[in-house]
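Working through the structure, step by step
Next come the chains, spelled out residue by residue.
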Amino acid sequence: MAVSKDDLRDLFAGTLAWDKTKEIISGPKDDDRFEAVLELLQEQVRWPERILLPLREHLYIVESGGSRIVKCDCGHEFGDWRRNWKMSAAIIARDDIASMEEIYPGLRRPDPNLCEIREFICPGCGVLLDVESVPVGYPVVFDALPDIDVFYDDWLGRPLEDHQDCEDRTAEIISKWAKPLL
Ligand SMILES: [Zn+2]
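Only a predicted model underlies this, so the values are computations on that prediction, with no experimental measurement involved. (Residues numbered from 1 in each chain as written. Predicted model: local features only at pLDDT ≥ 70, side-chain atom pairs only at ≥ 80, totals over all residues.)

Considerations on the overall build of the protein
Put simply, the rule is: The helix and strand labels rest on DSSP assignments: H or I over at least four residues marks a helix, E over at least two residues marks a strand, and numbering proceeds from the N terminus. Residues are scored as being in contact if the C-beta atoms we place from backbone atoms lie within 7 Å.
Helices and strands together make up the secondary structure of the protein, namely six helices and seven strands. When the helices and strands of the protein are read in sequence order from the N terminus, they spell out α-α-α-β-β-β-β-β-α-β-β-α-α. By principal-axis analysis of the C-alpha atoms, the protein measures approximately 50 × 50 × 30 Å. Expressed as a percentage of contacts within the protein between residues at least 6 apart in sequence, the contacts between residues at least 24 apart total 42%.

In structure tokens form, the structure reads like this:
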């Protein structure tokens, strides 16, 4: 079904009436829906880099000087999309009773011996980007590493100018934190 740009804008803003929202969600998608969404998102951000893929609310994978990076809608850049952006975010780790009580008071509070709650915040604008609740010491979860070239080549049928290997490079960040052994 064809969806108007105004309806798409309201859908993203969360202000579209439910009956219309349900109709869009349930209906077959028009072939150019992805392009229409990209065009809308590109109009809404205040920077010029081309959006290749929306990653999650506030975050996009964009083309920037031959690199593909994760960028917040405020303009803050998290670096190469193959490196988990969470490792470059400001992080609040709630791993004790006092900090957990701030959001889960009383009986609702999880046991800090079993789990920790991590809040990932954009260093540029302070928006809360993601929250994960994981067992104590669990590695930071890499939610999505989309293969952009497969998507553009095989799904959209319009390849990008260059191809870049899709591989997890998060360890590059961690290795910079490690002290030299010498
Ligand atoms: Zn931001």
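Some points on the sheet that holds strand β7 (residues 128–135)
Formally: Whether two strands pair depends on DSSP finding at least two bridges between them. Fitted lines through C-alpha atoms give the axes, limited to the stretch in contact for helices. The angle between two N-to-C directions lies from 0 to 180 degrees.
Strand order in the open sheet formed by three strands is β5-β6-β7, and the pairing between neighbours is antiparallel. With one partner strand each, in any of the chains shown, β5 (90–94) and β7 form the two edges of the open sheet. On average, each strand axis in the sheet is tilted by 20 degrees relative to the strand beside it, whichever way the strands run. Two strands pair when backbone bridges link them, and strand β6 (residues 115–121) and β7 are joined in this way by seven bridges, in the antiparallel orientation. Counterpart to Ile-121 in the pairing with β7 is Leu-128.

Some words on the environment of Glu-49
Formally: With C-beta atoms placed from the backbone, a residue counts as buried when 20 or more other C-beta atoms lie within 10 Å of its own, as exposed when 12 or fewer do, and as partly exposed for counts between those limits.
In this structure, Glu-49 sits in the loop between α3 (33–44) and β1 (50–56). Judged by the 19 C-beta atoms lying within 10 Å of it, Glu-49 is partly exposed. Between the C-alpha atoms of Glu-49 and Asp-32, which are 17 residues apart in sequence, the distance is 21 Å. Ignoring anything within four residues of it in the chain, the contact list for Glu-49 reads Val-62, Glu-63, Ser-64 and Lys-71.

With respect to the nonpolar core
Stated precisely, the cut-off is as follows: Note on terminology: a nonpolar core is any set of buried Ala, Val, Leu, Ile, Met, Phe, Trp, Tyr and Cys residues joined through C-beta atoms within 7 Å.
Among the nonpolar cores identified, the biggest contains 15 residues, and Leu-59, Ile-61 and Val-70 are the most heavily contacted of them. When contributions to this core are tallied by element, the ones reaching two or more residues are β2 (59–64) and β3 (67–72). When neighbours within four sequence positions are excluded, Ile-61 is seen to be in contact with Leu-52, Leu-53, Leu-55, Arg-68, Val-70, Trp-81 and Ile-148.

Considerations on the pairing of β3
Taken across its six residues, β3 has five buried, putting it largely inside the fold. The antiparallel hairpin formed by β2 and β3 contains two residues in its connecting segment, where Gly-65 sits at a positive phi of about 55 degrees. Count of turn residues in the β3/strand β4 (residues 77–80) antiparallel hairpin: four residues, of which Gly-75 carries a positive phi of about 110 degrees.

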